[in-house]
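# Coordinate inspection notes
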Amino acid sequence: MSPDPSPASANLSNWRTAPYSRRAFHNIRAILPVADIESAPGSAWPLPARPIGFDDFALKLPNGSKLDLQGFLKATATDGLIVLHDGRIAFEFYDGGLDRETPHILMSATKSITGLMVGILAGRGELDLDAEVTTYVPEIAATAYRGATIRQLLDMRTGVVLDAVGLQAYADASGWEPLAPGILADLHSFYETMRAQAKPHGGPFAYVSANTDLLGWVIERATGRSFASLVGTLLWKPMGASGETYITVDAKGAPRCTGGFCATLRDFARLGQLVLSNGRRDSNQIIPEGWIADIGHNGDAEAWREGQWRDSFAAISKNMHYRSGWYVINDAPQLLFAMGIHGQNLFVDAVNRLVIAKVSSWAQPVEPQSIWLTHKAVAEIARCIAETAPA
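Residues numbered from 1 in each chain as written. Predicted model: local features only at pLDDT ≥ 70, side-chain atom pairs only at ≥ 80, totals over all residues. Heavy atoms only, no water.

### A few points about the overall build of the protein chain
Counting secondary structure elements, the protein chain contains twelve helices and 17 strands. By principal-axis analysis of the C-alpha atoms, the protein chain measures approximately 60 × 50 × 45 Å. A buried classification covers 57% of the 391 residues belonging to the protein chain. Put simply, 68% of the contacts in the protein chain that link residues at least 6 apart link residues at least 24 apart. For the protein chain, the accessible surface area stands at approximately 15600 Å², while carbon and sulfur atoms represent 51% of it. Across the protein chain, the centroid of the 34 positively charged side chains sits 2 Å from that of the 40 negatively charged ones. (Helix = DSSP H or I, 4+ residues; strand = E, 2+ residues; numbered from the N terminus. Buried < 20%, exposed > 50% of the residue type's maximum accessible area, 1.4 Å probe, protein only. Contact = heavy atoms within 4.5 Å. Areas by Shrake-Rupley, 256 points an atom, 1.4 Å probe, with all protein chains shown as cover. Lys, Arg positive; Asp, Glu negative; His and termini not counted. Charge placed at Lys NZ, Arg CZ, Asp CG, Glu CD.)

Shown next as structure tokens:
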């Protein structure tokens, strides 16, 4: 098997499997149905270059050895990395056939974008965060989502529990893998007929990707517009995104708001810069400033401590919360980040005026060692910049 297959060799049955994923992750349009998201190349948010040397970058490993920056990029199967400091490109890297013009799938970092869209719509009075989901989607009233609120979807605090059968039905509905002969599936039908069990809503953090795809249905029902259109009009164009952007959709056109967003690395970094700027580009308040502050300060730390991933992240931090699709490390400096399987990340460090966007093609969906390395690298990048960049 070729270690670097052509895009044409990736298909619906293998696109998330190494080595096909290396090319597939930036050729999603050729594999899955998508909805285009409008950008604004004529008014792109400028990203001037101010290169910073990372000759002193040294990532210390438990065995006593060290990785330089290139070693880190290789060890974590990095397809692209951008470091912004004060809104300027301090470092930019591409590999595996990715370039600055090509969108890469963001996987579950999409959840963070969906969370920002909810904040925009709530600020416009088009969504009530305290309303039950059935207010907007009564079709799910007989399911485990009955009684759950929009806020609980956002914060992964519904009590919905999908067993193996439910997870397979959800996977079928997403359109991300081949269906068995005779099976027809789509997201809305999945939610209307799901038979999942539920614990009480509002409890500990429990990661259920279906929560965020349901948010997509809520958004479209509340506004009467497609998610792709809303993102383009209310976020992507005002932000000054300049590249090709799209989101995967199911068999009937429902958006994969939990993981299907595809964007260029520079636009991914621009999103981080927007968050760092408290939702504002120049004089335009795109995301309500209070929404960004809420992500940073109003998550429930106890829900995280009692939740599903406390132990998984203990080696990185024990002082965390999850809010509106974003992970927050409450150590000093505070770090907001978006995270997707196979190594997709967006880090926002307001104290150090730093944004790091990373897209990858890890062989496994979750690689604890790569997660640890990536977080250690963020701290090391911040150290290098603090020592070499202008104050």
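### Here we look at the pairing of strand β5 (residues 88–94)
In this structure, strand β4 (residues 78–85) lies alongside β5, joined through six bridges in antiparallel fashion. Note on β5: the bridge partner recorded for Leu84 is Ile89. Between β4 and β5, which pair antiparallel in sequence order, lie two residues; one of them, Asp86, sits at a positive phi of approximately 55°. (Pairing = 2+ DSSP bridges.)

### Points about unusual backbone geometry
Of note, the bond from Ala18 into Pro19 is cis; its omega dihedral lies within 30 degrees of zero at 5°. Tracing the backbone shows Pro19 in the segment before α1 (21–24). A cis geometry characterises the amide bond from Ala332 onward to Pro333, with omega recorded as 0°. Among the secondary structure elements, Pro333 is positioned in the loop between β14 (326–329) and β15 (335–340). Positioned with a positive phi, Asp86 is a non-glycine residue whose angle comes to about 55°. By the secondary structure assignment, Asp86 is in the loop between β4 and β5. Overall, Asp86 belongs to the partly exposed group, its relative accessible area being 30%. The phi angle at Met107 is positive, at roughly 50°, despite the residue not being glycine. The buried category is assigned to Met107, whose relative accessible area is 1%.

### A word on the sheet that holds strand β17 (residues 354–360)
Strand order in the open sheet made by the seven strands is β5-β4-β17-β16-β15-β14-β13, with antiparallel pairing throughout. In this open sheet, the two strands that pair with only one neighbour each are β5 and β13 (320–323). When strand polarity is set aside, the average angle formed by the axes of neighbouring strands in this sheet is 15°. In the packing of helix α12 (residues 368–388) onto the sheet, the strands contacted are β4, β14, β15, β16 (344–349) and β17, and the crossing angle to β17 comes to about 140°. (Axes fitted to C-alpha atoms, helices over the stretch in contact; angles between N-to-C directions.)

### So, the pattern of salt bridges
Inspection of the entire model under this criterion finds 25 salt bridges. With its nearest N and O atoms 2.5 Å apart, the salt bridge here joins Asp86 to Arg353. Linking Asp86 in the loop between β4 and β5 with Arg353 in the loop between β16 and β17, this pair joins segments that are 267 residues apart in sequence. Arg323 is paired through a salt bridge with Asp155; the nearest N and O atoms lie 2.8 Å apart. With Arg323 in strand β13 and Asp155 in the loop between α4 (150–154) and β7 (160–161), the pair connects residues that are 168 residues apart, well separated along the chain. (Salt bridge = Lys/Arg side-chain N within 4 Å of Asp/Glu carboxyl O.)

### What about the environment of Arg266?
With respect to the secondary-structure elements, Arg266 resides in helix α9 (residues 265–276). Residues Arg266 and Pro238, 28 residues apart in the sequence, show an inter-C-alpha distance of 15 Å. Among all residues touching Arg266, those that are not within four sequence positions of it are Leu47, Ile82, Ile89, Glu92, Tyr94 and Arg100. A polar contact is formed between the side chain of Arg266 and the side chain of Glu92, at a distance of 2.8 Å. (Polar contact = N/O pair within 3.5 Å; in protein donor to acceptor, adjacent residues only side chain to side chain.)

### Details of the pairing of β16
For β16, a buried count of six out of six residues is recorded, marking the element as mostly surrounded by other parts of the structure. Across the two faces of β16 the burial is the same, with Gln344, Leu346 and Val348 and Asn345, Phe347 and Asp349 all buried. One ladder, built from five bridges, connects β15 with β16; its direction is antiparallel. Paired with Leu336 across the bridge in β16 is Val348. In this structure, the hairpin formed by β15 and β16 is closed by a connection of three residues, where His342 is found at a positive phi of approximately 65°. As paired strands, β16 and β17 are joined by five bridges and run antiparallel to one another.

By themselves, these observations are geometric and do not establish any function.
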